[in-house]
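# Structural characterization, general
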Amino acid sequence: MRWMKLFVTILLALPAPLAFADDDPGVPDDYVLAFADEFSQDGPPDPSLWTLEEGPARHNDEQEYYTAENAWVEDGCLVIEARRESREDMDYTSARLNTEEHFSFCYGRLEARIALPQARGTWSALWLLPSDTRYGGWLASGEIDVMEHVGYDPERVHSTLHTEKYNSVNGNAITNSALLEGEPGAFHEFVLMWDEQGIDSYVDGELLTEYHPKRKHLDNPERWPFQVSFHLVVNLAVGGSWGGHEGIDEDAFPQRLLIDYIRVYTPDPDA
């Protein structure tokens, strides 16, 4: 058995195996916490962090009217509730929050723990829009959809990147989807890793979408506009070109999107 003892000795002397490339790498050592909302204080969302949008949905043929009344913090979670009620010719009310006036970042790690609604007709999203639109209007300056979920396909989540060259309008967006494990309505962890070389998204620790352009394309904003500051957006839509693709289950409302926390880590400027 000498060979076995020698083999074990050599094995123990080897360095620990690296995590698989498809696994979430965790917070880099040289990153610092730049934004966090743990939603620990019951009441309205923190106005120093969030702006609650007001008015009818402006895109995608959605059916909701956004109000501040449809978002609040309760039992350690941000609650966004979509209700079947009329408001200015819209058939539903819901909420959409953004950090444009409070927080933006360029490069970093975003973490969120979210429980998704299950009703047909819901369309949930955690996404980033450019605060700096130097490359032009919508899509020309990019869009990062960390998580999207439509209620008619309740076990699946999507993560998508849009640029001037690659986008949903052209039918060639950089996107992927994954099936969720666990009970319907359970919490899941979503992560975005974004640096000068590329973007990766993860769900429950596993790689979801990745985009790493060739070096010669990193200076081309049509392919890589992700070199300016973006802000956070979170919303629960009803209906629309995607969420309402298979109709709306009117009897299933109200529906809730729950967010346990959102954190953003960015490279330490003093590192």
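I will try to describe carefully the structure that is included in this document. (Residues numbered from 1 in each chain as written. Predicted model: local features only at pLDDT ≥ 70, side-chain atom pairs only at ≥ 80, totals over all residues. Heavy atoms only, no water.)

## With respect to the nonpolar core
Convention followed: We define the nonpolar core as a collection of buried residues of types Ala, Val, Leu, Ile, Met, Phe, Trp, Tyr and Cys that are connected through side-chain atoms lying within 4.5 Å of one another. Accessible area is worked out with a 1.4 Å probe on protein chains only. A residue is then buried under 20% of its type maximum, exposed over 50%, and partly exposed in between. Only DSSP runs of H or I with at least four residues qualify as helices, and only runs of E with at least two residues qualify as strands; both kinds are numbered from the N terminus onward. We call two residues in contact when some of their heavy atoms are within 4.5 Å.
Within the largest apolar cluster, 51 residues are counted, with the highest numbers of intra-cluster contacts made by Leu128 and Trp194. Counting residues per element, this core draws most heavily on strand β17 (residues 230-238), at five residues. Setting aside residues up to four positions removed in sequence, Leu128 forms contacts with Phe105, Leu110, Glu143, Ile144, Val146, Leu192, Trp194, Phe230, His231 and Leu232. By size, the runner-up hydrophobic cluster in this structure holds five residues, among which are Ala57, Tyr66, Trp123 and Val150.

## Considering the pattern of salt bridges
Note the following rule: A pairing counts as a salt bridge when a side-chain nitrogen of Lys or Arg comes within 4 Å of a carboxyl oxygen of Asp or Glu.
Inspection of every chain in the model, using the stated rule, returns 15 salt bridges. Arg109 serves as the salt-bridge partner of Glu111, at 2.6 Å between the closest nitrogen and oxygen. One salt-bridge network, in which partners are shared between bridges, spans Asp24, Glu38, Arg109, Glu111 and Arg263.

## Describing the environment of Arg223
On the secondary structure map, Arg223 appears in the loop between β16 (206-211) and β17. Sequence separation between Arg223 and Thr163 is 60 residues, and the spatial gap between their C-alpha atoms is 5.9 Å. Excluding anything up to four places from it in sequence, Arg223 contacts Thr163, Lys165, Tyr166, Tyr211 and His217.

## A few points about the sheet that holds strand β10 (residues 122-130)
For clarity, the threshold we go by: When DSSP finds two or more bridges between two strands, those strands count as paired.
Taken together, seven strands build an open sheet; the order of strands is β2-β8-β17-β10-β11-β12-β13 and the sheet is antiparallel. Here the strands that pair on one side only, and so sit at the sheet edges, are β2 (51-52) and β13 (174-179). The pairing of β10 with strand β11 (residues 143-150) spans six bridges and is antiparallel. When the sheet's bridge partners are listed, Leu128 is paired in β11 with Ile144.

Honestly, it's all geometry; don't read function into it.
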